[in-house]
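Chain residues, written in single-letter form:
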Amino acid sequence: MKRFAVVNEDRCVSCGACTHVCPRQAISIYKGCFARVDRERCIGCGLCARTCPAGSIRVATDG
């Protein structure tokens, strides 16, 4: 079962904190509006979720 980060776009403040802590560079700020996760690169470690000041990221599973 693969784990990956999921962003609540309505809560994201596009601060970029998650992009700085991601060990796989799996997160980017999309059009300056919200974070977007590349599920192929994401390893589901949860660093981004723990770092997000807006609480807009959670870790989910595909199963």
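Everything in this summary refers to the structure shown in the same document. Just so you know, these numbers come straight off a predicted model, no measurement behind them.

## Quick look at the overall build of the chain
- Each helix and strand in the chain was counted, giving two helices and four strands.
- Listed N to C, the secondary structure of the chain is β-α-β-β-α-β in terms of helices and strands.
- A globule of 63 residues ought to have a C-alpha radius of gyration of about 11 Å, and the chain, at 10 Å, matches this closely.
- Along the first, second and third principal axes, the C-alpha set of the chain runs to 30 × 20 × 20 Å.
- Within the span of the chain, comprising 63 residues, buried residues form 32% of the whole.
- Nonlocal contacts in the chain, meaning residues at least 24 apart in sequence, comprise 59% of its contacts between residues at least 6 apart.
- Surface accessibility of the chain: about 4,000 Å² in total, with carbon and sulfur atoms responsible for 47%.
- For the chain, the distance from the average site of its 10 positive side-chain charges to the average site of its 5 negative ones is 5 Å.

Thresholds applied
- Residues numbered from 1 in each chain as written.
- Predicted model: local features only at pLDDT ≥ 70, side-chain atom pairs only at ≥ 80, totals over all residues.
- Heavy atoms only, no water.
- Helix = DSSP H or I, 4+ residues; strand = E, 2+ residues; numbered from the N terminus.
- Rg over C-alpha atoms; globule rule 2.2 N^0.38 Å.
- Buried < 20%, exposed > 50% of the residue type's maximum accessible area, 1.4 Å probe, protein only.
- Contact = heavy atoms within 4.5 Å.
- Areas by Shrake-Rupley, 256 points an atom, 1.4 Å probe, with all protein chains shown as cover.
- Lys, Arg positive; Asp, Glu negative; His and termini not counted.
- Charge placed at Lys NZ, Arg CZ, Asp CG, Glu CD.

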